[in-house]
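Chain by chain, the residues run as shown.
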Amino acid sequence: MRGPDEFGLSTLAIRTGHNRTAEGEHGEPIFTTSSYVFGSAREAAARFAGDEPGNIYSRFTNPTVGAFEERLAAMEGGECCVATASGMSAILTLCMGLLKAGEHIVSSRSIFGSTTILFNKYLTRFGIETSYVSLADLDAWKEAIGPATRLLFVETPSNPLTEMADIRTLADLAHSRDCLLVVDNCFCTPALQRPLALGADLVMHSATKYLDGQGRCVGGAVVGDRKLVGEEVFGVMRTAGPTMSPFNAWVFLKGLETLELRMLAHARNALALASWLREQPCVTRVHYPGLESHPQHHLVGTQQRTGGGIVAFEVRGGREGAWRVVDSTRMLSITANLGDTKTTITHPATTTHGRLTPEERETAGISEGLIRIAVGLEDVEDVQKDLVRGVATL
Ligand SMILES: Cc1ncc(COP(=O)(O)O)c(C=O)c1O
């Protein structure tokens with residue numbers, strides 16, 4: 001398979017990365033091997049020295065993991081991909097590969113909680129500081145960048161309020177100040193948004209979410225160019241070994257094959273649900289990029305193909321009202337995960353954002369009455385029926 005300009009996204013997702021073996025298998029095999037046999041001492045030496053391509057040891061070379069990396073890189077339009085054991089290890093590997101003591105990150109405030117803890121509690125131990133800004137406030141990004149800033153980090157759309165950053169504008173800002181832009185593309189996936197084509201330098205994923213799509217495995221990935229990812233990030237992977245298992249890589253390979261179909265169906269269901277929620281008297285606000293009322297709706301259809309699969313809404317009655325809606329469901333899964341065929345429902349103020357102070361939650365816009373739904377692929381009328389039981393009582 002060649003570049004993304006020559007094939008459609010689903011073709012890349014189905015056909016890239018599988019180098020058929022002498023067995024002639026049609027499906028991608030799982031290579032459950034930790035090491036590889038060399039034909040001679042000379043061949044072993046050449047592989048270790050990097051003078052010849054080929055497998056060495058599965059901490060950093062495995063054909064099934066390699067197939068996943070090649071496929072995701074093609075879908076994101078990147079030169080290289082490094083697969084990791086989880087989304088969090090993707091961020092850690094990326095930071096270890098690209099930053100050193102004394103350097104600085106500017107990050108959007110609305111990012112996954114563990115990412116904040118990684119930045120604040122652990123990277124600080126190695127002399128790397130992080131400042132936080134509101135994702136849509138360009139002046140705040142500009143002000144926060146200093147001489148030591150090396151990375152701008154953004155998750156767009158944000159969790160759970162689905163605020164969107166303008167990737168192209170942030171990429172231009174990053175480059176004008178000698179920084180790199182990293183986008184966590186977990187919510188959209190390359191089926192809906194391709195940050196590298198908009199100027200971002202690196203994309204990272206929690207493959208655990210939509211890339212798998214059925215809640216089976218934990219994994220992650222970093223995508224970018226040959227220098228940043230193929231050398232710097234890969235170097236940390238080779239040495240430190242936060243490696244994706246071949247089995248997980250195989251599950252993600254299969255997940256990628258249906259990614260575009262699934263993401264479009266998630267978004268169709270999410271738009272229908274968001275439109276329905278807007279009509280409910282007890283719902284005071286709906287956050288969904290696909291609705292015209294969303295502050296960055298203009299980025300849907302340009303930066304981001306659809307509104308995506310995540311809907312957040314606020315109900316009357318604060319925490320009590322929100323908990324009543326959550327507890328009245330019988331089909332929806334009460335869980336903080338997302339990106340599954342099964343619809344999940346979460347009360348952010350007491351789960352994903354429960355460790356923030358009330359003031360921090362208020363600044364982040366996480367009210368007590370806020371509910372997040374990661375809309376799955378069930379019949380959306382059944383999701384509505386499950387919600388109306390609680391919604392109708394408020
Ligand atoms: C946006 C985002 N980024 C990163 C992560 C971390 O991924 P993982 O759980 O695979 O380590 C998550 C997990 O929920 C997430 O939602």
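Residues numbered from 1 in each chain as written. Predicted model: local features only at pLDDT ≥ 70, side-chain atom pairs only at ≥ 80, totals over all residues. Heavy atoms only, no water.

A short note on the overall build of the chain
The condition that has to hold: For the purposes of this entry, the term helix denotes a DSSP run of H or I that reaches at least four residues, the term strand denotes a run of E that reaches at least two, and both are numbered from the N terminus. In this setup the radius of gyration rests on C-alpha atoms only. A globule is expected at 2.2 Å times the number of residues raised to 0.38. For this analysis, residues touch if any pair of their heavy atoms sits within 4.5 Å. Every accessible area reported is derived by Shrake-Rupley at a probe size of 1.4 Å, with residue values counting cover from the shown protein chains alone. Only four residue types enter the charge count, namely Lys and Arg as positive and Asp and Glu as negative; His and the chain termini do not. For this purpose, a charge sits on NZ of Lys, CZ of Arg, CG of Asp or CD of Glu.
Counting its secondary structure elements, the chain contains 14 helices and twelve strands. Computed over the C-alpha atoms, the radius of gyration of the chain is 21 Å, within 12% of the 21 Å expected from 2.2 N^0.38 for a compact globule of 394 residues. Structurally, the chain occupies a C-alpha span of about 75 × 50 × 35 Å along its principal axes. Partitioning the intrachain contacts of the chain with sequence separation of at least 6 by distance along the chain shows that 72% fall at a separation of at least 24. If you sum the accessible surface of the chain, you get close to 16800 Å²; carbon and sulfur atoms cover 52% of it. For the chain, the separation between the mean place of its 37 positive charges and that of its 45 negative charges on side chains is 3 Å.

Re the sheet that holds strand 10 (residues 333–334)
Just so we agree on the cut-off: Should DSSP find at least two bridges between two strands, the strands are taken to pair. Helix axes are fitted only over the stretch in contact, all axes being lines through C-alpha atoms; the angle between N-to-C directions runs from 0 to 180 degrees.
The mixed open sheet is built from five strands, whose spatial order is 8-9-12-11-10. In the strand order of this sheet, the two ends are held by strand 8 (283–287) and strand 10, each with one partner. Across two bridges, strand 10 lies against strand 11 (residues 344–346) in parallel orientation. Pairing of Ile-334 across the sheet is with Ile-345, part of strand 11. Its contacts with the sheet put helix 12 (residues 318–328) on strand 9 (310–315), strand 10, strand 11 and strand 12 (370–374), and the angle it makes with strand 9 is roughly 130°.

Remarks on the site of the ligand
How we decide: Throughout, near means a residue has at least one heavy atom within 4 Å of the molecule or strand. In protein, a polar contact means a hydrogen-donor-capable atom and an acceptor-capable atom, both N or O and within 3.5 Å, with residues adjacent in sequence counting only if both atoms are side-chain atoms; elsewhere, any N or O pair within 3.5 Å suffices.
The immediate surroundings of the ligand are formed by Ser-86, Gly-87, Met-88, Phe-112, Glu-155, Asp-184, Cys-186, Ser-206, Thr-208, Lys-209 and Gly-219. The side chain of Thr-208 places a nitrogen or oxygen atom 2.6 Å from an oxygen atom of the ligand. When the free accessible area of the ligand is taken as 390 Å², the share hidden by the protein chains comes to 89%.

A closer look at helix 10 (residues 246–257)
Put simply, the test is: Any helix carries an expected span of 1.5 Å times its number of residues minus one. Whether a residue is buried, partly exposed or exposed follows from its accessible area with a 1.4 Å probe, protein chains only, as a fraction of its type maximum: under 20%, in between, or over 50%, in that order.
Helix length check: helix 10 (twelve residues) gives 17 Å between terminal C-alpha atoms against 16 Å at 1.5 Å per residue, within 8%. Buried within helix 10 we find Pro-246, Asn-248, Ala-249, Val-251, Phe-252, Leu-253, Gly-255 and Leu-256. Residues of helix 10 that are buried sit in contact with helix 1 (9–15), helix 3 (63–76) and helix 11 (259–278).

Quick word on the packing of aromatic side chains
Filter applied, for reference: Note on ring pairs: Phe, Tyr and Trp rings are taken, using the six-membered ring of Trp, and paired if centres are within 6.5 Å. Classes follow the plane angle, with under 30 degrees stacked, over 60 edge-to-face and the rest tilted.
Using the criterion set out here, one finds five aromatic pairs in the structure. Residues Phe-38 and Phe-48 carry aromatic rings whose centres are separated by 6.1 Å and whose planes lie at 65° to one another, so their mutual orientation is edge-to-face. Of this pair, Phe-38 sits in the loop between helix 1 and helix 2 (41–49) while Phe-48 sits in helix 2, and the two are ten residues apart along the sequence. Phe-38 sits in the partly exposed class, given a relative accessible area of 23%. Taking the relative accessible area as the measure of exposure, Phe-48 reaches 48% and is therefore partly exposed. On the basis of an interplanar angle of 35° and a centroid distance of 6.2 Å, the ring pair of Phe-247 and Trp-250 is categorised as tilted. With Phe-247 and Trp-250 both in helix 10 and three residues apart, the pair spans about one turn of that helix. Residue Phe-247 is classed as partly exposed on the basis of its relative accessible area of 44%.

What about the pattern of salt bridges?
Selection rule: Whenever a carboxyl oxygen of Asp or Glu lies within 4 Å of a side-chain nitrogen of Lys or Arg, that contact is scored as a salt bridge.
For the coordinates displayed, the defined rule picks out 15 salt bridges. Here Glu-28 makes a salt bridge to Lys-254, at a shortest N to O gap of 2.8 Å. Taken together, the residues span a long stretch of sequence, with Glu-28 in the loop between helix 1 and helix 2 and Lys-254 in helix 10 at a distance of 226 residues. The class for Glu-28 is buried, based on a relative accessible area of 9%. According to the relative accessible area criterion, Lys-254 is partly exposed, its value standing at 27%. Sharing partners across several salt bridges, the network here consists of Glu-28, Arg-71, Lys-254 and Glu-257.

Description of helix 14 (residues 380–391)
Note on helix geometry: an α-helix contains 3.6 residues per turn, so any two residues three or four positions apart are oriented the same way. Taking 1.5 Å per residue as the helical rise, helix 14 with its twelve residues ought to reach 16 Å, and the 16 Å between its terminal C-alpha atoms agrees with that figure. Of the surrounding elements, those touching the buried residues of helix 14 are helix 11, helix 12, strand 11 and strand 12.

Focus: the sheet that holds strand 7 (residues 220–224)
An order of 1-7-6-5-4-2-3 is seen for the seven strands of this open sheet, with the pairing classed as mixed. Each of the sheet's edge strands pairs with one partner strand only, and the pair in question is strand 1 (80–84) and strand 3 (129–133). Strand-to-strand, the axes of this sheet are offset by a mean angle of 20°, without reference to chain direction. The pairing of strand 1 with strand 7 spans five bridges and is antiparallel. When the bridges of strand 7 are listed, Cys-80 appears paired with Gly-224. Sheet contacts for helix 3: strand 1, strand 6 (202–206) and strand 7; angle to strand 1, the most-contacted strand, approximately 130°. The strands that helix 4 (residues 87–98) touches are strand 1, strand 2 (104–108), strand 4 (149–155), strand 5 (180–184), strand 6 and strand 7; relative to strand 6, the one it contacts most, it runs at about 150°.

Things to note about the side chain of Ser-206
Here Ser-206 shows up in strand 6. In this structure Ser-206 comes out as buried when scored by relative accessible area, which is 11%. In this structure the side chain of Ser-206 is engaged in a polar contact, spanning 3.2 Å, whose partner is the side chain of Lys-209. Discounting chain neighbours no more than four positions away, the residues touching Ser-206 are Gly-87, Cys-186, Gly-219 and Gly-220.

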